[in-house]
There are 2 protein chains.
Amino acid sequence: MKQLRDKIRAEGKVLPGNIIKVDGFLNHRVDVVLMRDMAKEFAREFDTTGITAVLTVEASGIAIGAICADELGVPLVFVKKAKSDNIEGGLYRSDIYSYTYKKEVTLLLSRQWLGENDKVLIVDDFLANGEALRGLVEIVEQAGAELIGIGIAIEKGFQRGGKLLREKGYNLKSLAIIDKADESGIEFRGE
Amino acid sequence: MKQLRDKIRAEGKVLPGNIIKVDGFLNHRVDVVLMRDMAKEFAREFDTTGITAVLTVEASGIAIGAICADELGVPLVFVKKAKSDNIEGGLYRSDIYSYTYKKEVTLLLSRQWLGENDKVLIVDDFLANGEALRGLVEIVEQAGAELIGIGIAIEKGFQRGGKLLREKGYNLKSLAIIDKADESGIEFRGE
């Protein structure tokens, strides 16, 4: 998605350790106009016939998730990170390793909000090692729900998450895939 | 807002300890149609002339924040809870007590995303003891930004947060104020 690549090039910053900072428009300050355009792109890219929910994980996934859910006219369901809230009753859970927090994190979803009659699109702002997405996919499978696909804003193509998910056959679409990011600049896949 | 009160009455659950569970439409599964109607209500209730951003705090504030920002045509800025991410450079910070986590939590916002030329509306899904809002207001003051007001979906009127903020003169509007919640049911202020 050219508009997103242009925005990353203009405003993104590369920090040591391959950290790509886009917190001026994606995950601290959020450009909702860009989010809307990304949501429309997902609506074109995926067959969302019969979709019942958009699924994401707190925290920064919620912004793009809410706009996508609004665009597609279905509820947003967001998975919580353990101990973050009062969740009662039966739960789906998946243990992942968070590279942001540098520790194990448990993803939790109340069984009430996802089941075998659901057909969901997973969205998230970032894909790097793919641990959060592995957890989300596992929760969709536990629920017996149907997975339409996975829509990502920015994929760090030089980390393994995207490759692993594609090899497993998931319908993964990333709106911008960064193959290289260092002091000399940012290179996108397909350019 | 009658629509929200009706939804709380129909789907909300009261748990021991005055916990009001509305996670079927507000903060786990999110009814974005209701969120849009709440955003329109805030747009009517507040004078948003010259607004530059909607401000909230992660995680569950992001859903209502994103829809409000979309409705008002401005960016969303969400404050982070300490250690949650890679934040560089100058920061605004406020230390609050989180009754959910039962510990001190530091709210952080990069100085890049809020300054003295900003005019903001704070929104959040819940107001109980008001600690998160106290922190958000403190950050707006540190930034020298103008505060239009504070828009809340559900206020627990039997806890002190709303009273404290109103006494300090903030323009606080809660779309549903619950004055009593126990096994016998939920009572709303003004009904």
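The structure presented is a predicted model; accordingly, all values stated were derived computationally and were not measured.

Some remarks on the relation of the copies chain A and chain B
(1) Moving on: When chain A is fitted to chain B, the best match, at an RMSD of 0.0 Å, comes from turning it 180° and sliding it 0.0 Å along the axis. Considering both components of the superposition, the chain copies are consistent with a two-fold axis. Taking C-alpha positions as the reference, the residue of chain A nearest the rotation axis is A:A59, at 2.5 Å.
(2) Moving on: Of all interface residues in chain A, 100% are interface residues in chain B too; the two copies therefore contact each other through one and the same surface.

Focus: the confidence of the model for chain A
(1) Moving on: For chain A, per-residue confidence averages 94 on the pLDDT scale, and 96% of positions sit at 70 or higher.
(2) Moving on: Overall fold confidence for the complex sits at a pTM of 0.95, while the interface term, ipTM, reaches 0.94.

Here's the deal with the packing of helix α2 (residues 32–45) of chain B against helix α3 (residues 61–72) of chain B
Residues and elements named next belong to chain B.
(1) Moving on: It is the contact of α2 with α3, at a shortest axis distance of 9 Å, that shows an interaxial angle of 55°. Put simply, α2 runs oblique to α3. As α2 runs across α3, the sense of the crossing is right-handed. Contacts between α2 and α3 involve M35, R36, M38, A39, K40, F42 and A43 on the former and, on the latter, A63, I64, I67, C68, D70, E71 and L72.
(2) Moving on: Here the contact of α2 with α3 is composed, by residue class, of 10 nonpolar, no polar and four charged.

Some remarks on the side chain of B:S174
(1) Moving on: Of note, B:S174 is situated in strand β10 (residues 172–182).
(2) Moving on: At a separation of 2.6 Å, a polar atom in the side chain of B:S174 contacts the side chain of B:E155.

Quick word on the environment of B:N171
Residues and elements named next belong to chain B.
(1) Moving on: Here N171 is to be found in the loop between α5 (161–167) and β10.
(2) Moving on: Sequence separation of N171 and I148 is 23 residues, and the distance between their C-alpha atoms is 7.3 Å.
(3) Moving on: Here N171 is in contact with F46, I148, G149 and I150, once residues within four sequence places are set aside.

Let's talk about the pattern of salt bridges
Any two side chains of opposite charge can pair, on the condition that their charged atoms come close.
Residues and elements named next belong to chain B.
(1) Moving on: Tallied over the entire structure, the rule returns 39 salt bridges over all chains.
(2) Moving on: The closest approach of N and O atoms between R5 and E191, which form a salt bridge, is 2.8 Å. On the criterion of sequence distance, the pair formed by R5 in helix α1 (residues 2–11) and E191 in the segment after β11 (185–188) is long-range, its members being 186 residues apart.
(3) Moving on: Classification of R5 as buried rests on a relative accessible area of 19%.
(4) Moving on: Where D70 meets R36, a salt bridge forms, and the shortest distance between an N and an O atom there is 2.6 Å. Linking D70 in helix α3 with R36 in helix α2, this pair joins segments that are 34 residues apart in sequence.

Calculation notes
Residues numbered from 1 in each chain as written. Chains lettered and ligands numbered in written order. Predicted model: local features only at pLDDT ≥ 70, side-chain atom pairs only at ≥ 80, totals over all residues. Heavy atoms only, no water. Least-squares fit on C-alpha atoms with pLDDT ≥ 70 in both. Contact = heavy atoms within 4.5 Å. pLDDT = per-residue confidence, 0-100. Axes fitted to C-alpha atoms, helices over the stretch in contact; angles between N-to-C directions. Helix = DSSP H or I, 4+ residues; strand = E, 2+ residues; numbered from the N terminus. Parallel < 35°, antiparallel > 145°, perpendicular 65-115°, else oblique. Left-handed = near helix turned anticlockwise from the far one by under 90°. Nonpolar A, V, L, I, M, F, W, Y, C, P; charged D, E, K, R; others polar. Polar contact = N/O pair within 3.5 Å; in protein donor to acceptor, adjacent residues only side chain to side chain. Salt bridge = Lys/Arg side-chain N within 4 Å of Asp/Glu carboxyl O. Buried < 20%, exposed > 50% of the residue type's maximum accessible area, 1.4 Å probe, protein only.

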